[in-house]
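Listed below, chain by chain, are the residues.
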Amino acid sequence: MMRPVLFFAVIAISLGSLAARGQDSLYDSRTATKADEAVQHFLGPKAGNLHYDARMIRAAQIAMSRAYPRPTWRCWHYVKDALVDAHVIDSRPSSPWAKEAGDELCRRYGFVKLNVRNPLKAPVGAVCVYGGPDAGHVEIRTPYGFVSDFTSRTPYPRPFLGAYVKPS
């Protein structure tokens, strides 16, 4: 199984219709740069035309080093850690359940819910949230599939609640 090297490629790519207030976004267009050749092939063929926040590349490296091939049942814990350690968000989310991740990311951290009903249609870097009778599940869309505490080529088999991004 190919491990995705990139778990959180872009939240700061052009999301034209999504406008965030300046204080809600950590993205700084003055420091965003084109992806270097070492990571560009993981971002896909159009990556050379986009500018990336260095924290997104760092989050990808963090995810690669922490993800397992099988679930550890701590998906929200791993996603929280990656977002904080990559400085995408400034504090650790407090919601205990994965299915609450989208609401908290929007309310406290300036994320926006996309109009996407299928996780396979979510852009690379989107936080995908799933419901269910228990804690739910949360994962990050990658060019090769999804990652949280483990990597997968397919979306998690739960009711899809939404895809969330932090606009620039």
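Position labels on residues start from 1 in each chain and follow its written sequence. pLDDT decides what is reported in this predicted model: residues at 70 or higher carry local features, side-chain atom pairs at 80 or more are listed and counted, and totals for whole chains, interfaces and linings draw on all residues regardless. The basis for the side-chain values is all heavy atoms of the structure; hydrogens and waters are excluded.

(A) Quick look at the layout of surface pockets. With a 1 Å grid spanning the protein atoms alone, the term cavity applies to any set of points in which a 1.4 Å probe fits but cannot get out, the term pocket to an open set with protein on both sides within 12 Å along at least five of seven lines, and the term lining residue to any residue with an atom within 4 Å of a point. Grid points are joined across faces, edges and corners, and a volume is the space filled by probe spheres set on the points. In this structure, the largest pocket occupies an estimated 260 Å³ of space. Along its surface, the largest pocket is lined by 19 residues, and Trp73, Arg74, Cys75, Ala135 and Gly136 are the ones closest to its centre. Secondary structure is summarised from DSSP: a helix means a run of H or I of at least four residues, a strand means a run of E of at least two, and numbering begins at the N terminus for each. At 4 residues, helix α3 (residues 75-85) tops the list of elements feeding residues into the lining of the largest pocket. For this classification, the nonpolar set comprises Ala, Val, Leu, Ile, Met, Phe, Trp, Tyr, Cys and Pro, the charged set comprises Asp, Glu, Lys and Arg, and every other residue, Gly included, is treated as polar. Split into classes, the residues belonging to the lining of the largest pocket amount to 10 nonpolar, 4 polar and 5 charged.

(B) Examining the pairing of strand β8 (residues 160-165) more closely. Along β8, 5 of the 6 residues are buried, which leaves the element largely enclosed by surrounding structure. For two strands to count as paired, DSSP must find a minimum of two bridges between them. Pairing of strand β3 (residues 112-113) with β8, which is carried by 2 bridges, proceeds in the antiparallel orientation. Across the sheet, valine 112 pairs through a bridge with valine 165, a residue of β8. Of the strand pairs in this sheet, strand β4 (residues 127-130) and β8 are connected by 4 bridges, and their pairing is antiparallel. Bridge pairing in β8 places cysteine 128 opposite alanine 163. With a 1.4 Å probe rolled over the protein chains alone, any residue whose accessible area is under 20% of its type maximum counts as buried; one over 50% counts as exposed, and the rest are partly exposed.

(C) Seen up close, the pattern of salt bridges. Note on definitions: salt bridges are taken to be side-chain nitrogens of Lys or Arg within 4 Å of carboxyl oxygens of Asp or Glu. All told, the structure shown has 4 salt bridges when counted by the stated rule. Put simply, arginine 108 and glutamate 104 hold a salt bridge, and the shortest N to O gap is 2.9 Å. Linking arginine 108 with glutamate 104, this pair stays in helix α4 (residues 101-109), spanning 4 residues, or about one helical turn. Assessed through its relative accessible area of 1%, glutamate 104 is described here as buried.

(D) How the structure looks around the confidence of the model for the protein. Confidence scores per residue from the predictor, reported as pLDDT, run from 0 to 100. In the predicted model, the protein carries a mean pLDDT of 75, and the fraction of residues at 70 or more is 62%. Per-element averaging of pLDDT across the protein places strand β2 (residues 51-52) at the bottom with 53 and α4 at the top with 96. Overall, residues 1-26 carries pLDDT values under 50, and its contacts beyond four positions in sequence, including any with other chains, amount to 81 contacts. Here a residue-residue contact requires only that any non-hydrogen atoms of the pair lie within 4.5 Å.

(E) Fine view of the sheet that holds strand β5 (residues 137-142). Sheet architecture is open: 6 strands sit in the order β3-β8-β4-β5-β6-β7, paired in antiparallel fashion. A strand with exactly one partner marks an edge of an open sheet, and here the two such strands are β3 and β7 (151-152).

(F) A look at the side chain of serine 148. By the element assignment, serine 148 lies in the loop between β6 (145-147) and β7. Here serine 148 falls in the buried class, since its relative accessible area comes to 8%. Whenever two N or O atoms come within 3.5 Å, that pair is a polar contact, provided that in protein one can donate a hydrogen and the other can accept it, and provided that, for residues adjacent in sequence, both atoms are side-chain atoms. Among the polar contacts made by the side chain of serine 148, one reaches the side chain of aspartate 149 at a distance of 2.8 Å. Dropping the residues within four chain positions of it, serine 148 is found in contact with Ala67, Cys75, Tyr78, Val79, His137, Val138 and Glu139.

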